[in-house]
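Take a look at the letters that make up each chain.
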Protein chains: 2
Amino acid sequence: MNRKNPPTARPRSAAAVLSIGQVAKNAGVHVETIRFYEREGLIAQPPKPSMGIRRYPQDTVHRIRFIKHAQALGFSLQECRELLELRGDDPQACALMRHHAQEKLSAIRAKLQALSQMEGVLTELLEACQQGRIGKDNPCPILKALDAED
Amino acid sequence: MNRKNPPTARPRSAAAVLSIGQVAKNAGVHVETIRFYEREGLIAQPPKPSMGIRRYPQDTVHRIRFIKHAQALGFSLQECRELLELRGDDPQACALMRHHAQEKLSAIRAKLQALSQMEGVLTELLEACQQGRIGKDNPCPILKALDAED
DNA sequence: CTAGACCCCGTATCCGAGTACGGAATCAAG
DNA sequence: CTTGATTCCGTACTCGGATACGGGGTCTAG
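Described below are features of the structure shown in this document. Since the model is a prediction, treat every value here as computed from it, not as a measurement.

Our next topic: the nonpolar core. Core analysis: the largest hydrophobic core is formed by 78 residues, its most contacted members being Met97(A) and Met97(B). Those residues within four positions of Met97(A) in sequence are excluded, and the remaining contacts are Phe75(A), Leu83(A), Leu86(A), Cys140(B), Ile142(B), Leu143(B) and Leu146(B).

In structure tokens form, the structure reads like this:
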């Protein structure tokens with residue numbers, strides 16, 4: 001159990017062996033996304049052996065997964081670009097990463113606040129709208145709120 | 001109390017009296033925004049009296065405020081376009097408005113869930129990153145998580 | 001009457017994260 | 001050898017909500 005792949009099975013520094021389509025499939029993205037990331041400098045474009053197709057190292061797959069994981073935590077591609085620099089065993093990297101993560105956490109909490117503000121107002125308005133039937137004299141509370149002067 | 005504006009004070013169907021700049025100032029938006037809304041069909045563009053400037057009715061200000069209020073509750077301009085149709089005293093409008101509001105509330109709650117998921121993961125990772133100093137053998141938990149296979 | 005502010009109109013640009021298109025070349029299978 | 005799938009490459013487009021630019025016309029105060 002928990003047996004790691006023997007060195008022969010998945011060498012960490014494998015040669016460039018994958019076509020772009022295989023990288024895409026392994027990383028779970030579209031080919032165009034890889035091209036896009038290359039243009040954006042997020043991943044390196046391997047040299048083209050004139051009269052042939054490019055071959056990508058396994059690490060490209062890891063880089064893309066890294067990006068996708070960071071995105072899932074709310075990081076933009078620009079931020080991913082910075083985070084990718086921190087990959088590796090640099091002891092300073094951890095502190096920087098922590099800093100980025102804390103900033104992102106603050107940003108997420110700010111968004112959460114804004115959204116739950118919206119949720120609160122909408123909920124209130126909907127409650128006001130349920131009770132006391134509308135139509136006679138008093139207008140829809142929601143529409144009234146949207147029409148409000150202030 | 002609750003006295004409605006006498007017809008003489010603020011006639012509901014006032015004549016077209018405002019320049020676009022005055023509308024902008026009163027509504028708290030930029031002139032370009034008004035032009036943009038006109039292009040998008042959110043507000044009507046008054047006819048131009050050839051050799052002169054356009055004059056906007058007061059209601060344009062109200063429409064823009066309406067849009068801004070709806071935006072503040074999370075509605076897109078496309079949705080605002082639909083909500084604007086509901087302005088007025090139509091008894092059906094309230095039911096439709098309520099429906100839109102409920103849908104939006106669900107969408108907001110979904111976003112809240114997604115964001116608080118992110119918040120949770122980031123918080124956990126940051127906690128794991130604080131305790132147990134890094135650098136010797138064990139890598140930064142956050143970077144490790146981003147590098148994870150799955 | 002002139003300077004400066006405002007208005008008109010069309011077009012282009014921005015952000016972010018891709019997606020789409022299309023022609024040419026190359027690869028893999030039958 | 002032919003057919004179909006991939007790859008390559010550049011360019012353009014998408015969505016949403018504006019914002020910016022530029023060269024005119026018009027309005028208002030002094």
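And the narrative resumes.
Before going further, it helps to examine the interface of chain A and chain B. Opposite the 44 residues of chain A that make contact, chain B presents 44 residues. Here chain A packs against chain B, burying approximately 4200 Å² in sum over the two surfaces, 72% of which is carbon and sulfur. There are 6 salt bridges connecting chain A and chain B. The salt bridge involving Arg65(A) is made with Glu149(B); its shortest N-O contact spans 3.1 Å.

Turning next to the protein's contact with DNA strand C. The environment of DNA strand C is made up of 19 residues, and the closest members are Tyr37(A), Met51(A), Gln71(A), Ser19(B) and Arg54(B). The sugar-phosphate share of atoms of DNA strand C within 4 Å of the protein amounts to 80%. Take Thr33(A): an N or O atom from its side chain is 3.2 Å from a phosphate oxygen of DNA strand C. In this structure, a phosphate oxygen belonging to DNA strand C sits 2.4 Å away from a main-chain N or O atom of Arg54(B). For the surface near DNA strand C, the elements supplying multiple residues, two or more each, are helix H2 (31–39) and helix H3 (58–72) of chain A together with helix H1 (20–27) of chain B. When residues in the surface near DNA strand C are grouped by element, the largest group, 4 residues, is from H2(A). For the surface near DNA strand C, the class distribution of residues is 6 nonpolar, 8 polar and 5 charged.

Here we come to the side chain of Arg65(B). Inspection of the secondary structure puts Arg65(B) in helix H3 (residues 58–72). Not counting residues up to four positions away in its chain, the partners in contact with Arg65(B) are Leu146(A), Glu149(A), Asn26(B) and Ala27(B).

In screw terms, the move from chain A to chain B is a rotation of 180° and a rise of 0.0 Å along the axis, fitting with an RMSD of 0.1 Å. Here the two chains are linked by the operation of a two-fold rotation axis. Using C-alpha coordinates, one finds that chain A approaches the rotation axis most closely at Leu112(A), a distance of 3.2 Å. Interface overlap between copies is the fraction of interface residues in one copy that are interface residues in the other; for chain A against chain B it reaches 100%, indicating a shared surface.

Time to look at the protein's contact with DNA strand D. Not every one of the 20 residues close to DNA strand D is listed here, only the nearest: Ser19(A), Gly21(A), Arg54(A), Met51(B) and Gln71(B). Among the atoms of DNA strand D close to the protein, meaning within 4 Å, 81% are from sugar or phosphate groups. A distance of 2.7 Å separates a phosphate oxygen of DNA strand D from a polar side-chain atom of Ser19(A). Contact distances for DNA strand D include 3.3 Å between a phosphate oxygen and a side-chain N or O atom of Arg35(A). At the level of secondary structure, the elements contributing two or more residues to the surface near DNA strand D comprise helix H1 (20–27) of chain A together with helix H2 (31–39) and H3 of chain B. Take the surface near DNA strand D: its biggest share by element is 5 residues, from H2(B). For the surface near DNA strand D, the per-class residue count stands at 6 nonpolar, 8 polar and 6 charged.

Following the criterion strictly, the structure yields 10 salt bridges over all chains and no others. The salt bridge partner of Arg109(B) is Glu119(A), with a shortest N-O separation of 2.7 Å. Of the two residues, Arg109(B) sits in helix H5 (residues 91–130) while Glu119(A) sits in helix H5 (residues 91–130), which places them in two different chains. Arg109(B) gets classed as partly exposed once you look at its relative accessible area, which sits at 38%. Three or more residues are tied together by salt bridges with common partners; here these are Asp59(A), Arg87(A) and Asp147(B).

The rules behind each value
Residues numbered from 1 in each chain as written. Chains lettered and ligands numbered in written order. Predicted model: local features only at pLDDT ≥ 70, side-chain atom pairs only at ≥ 80, totals over all residues. Heavy atoms only, no water. Core = buried A, V, L, I, M, F, W, Y, C linked by side-chain atoms within 4.5 Å. Buried < 20%, exposed > 50% of the residue type's maximum accessible area, 1.4 Å probe, protein only. Contact = heavy atoms within 4.5 Å. Buried area = accessible area lost by both parts, 1.4 Å probe. Salt bridge = Lys/Arg side-chain N within 4 Å of Asp/Glu carboxyl O. Near = heavy atom within 4 Å. Polar contact = N/O pair within 3.5 Å; in protein donor to acceptor, adjacent residues only side chain to side chain. Helix = DSSP H or I, 4+ residues; strand = E, 2+ residues; numbered from the N terminus. Nonpolar A, V, L, I, M, F, W, Y, C, P; charged D, E, K, R; others polar. Least-squares fit on C-alpha atoms with pLDDT ≥ 70 in both.

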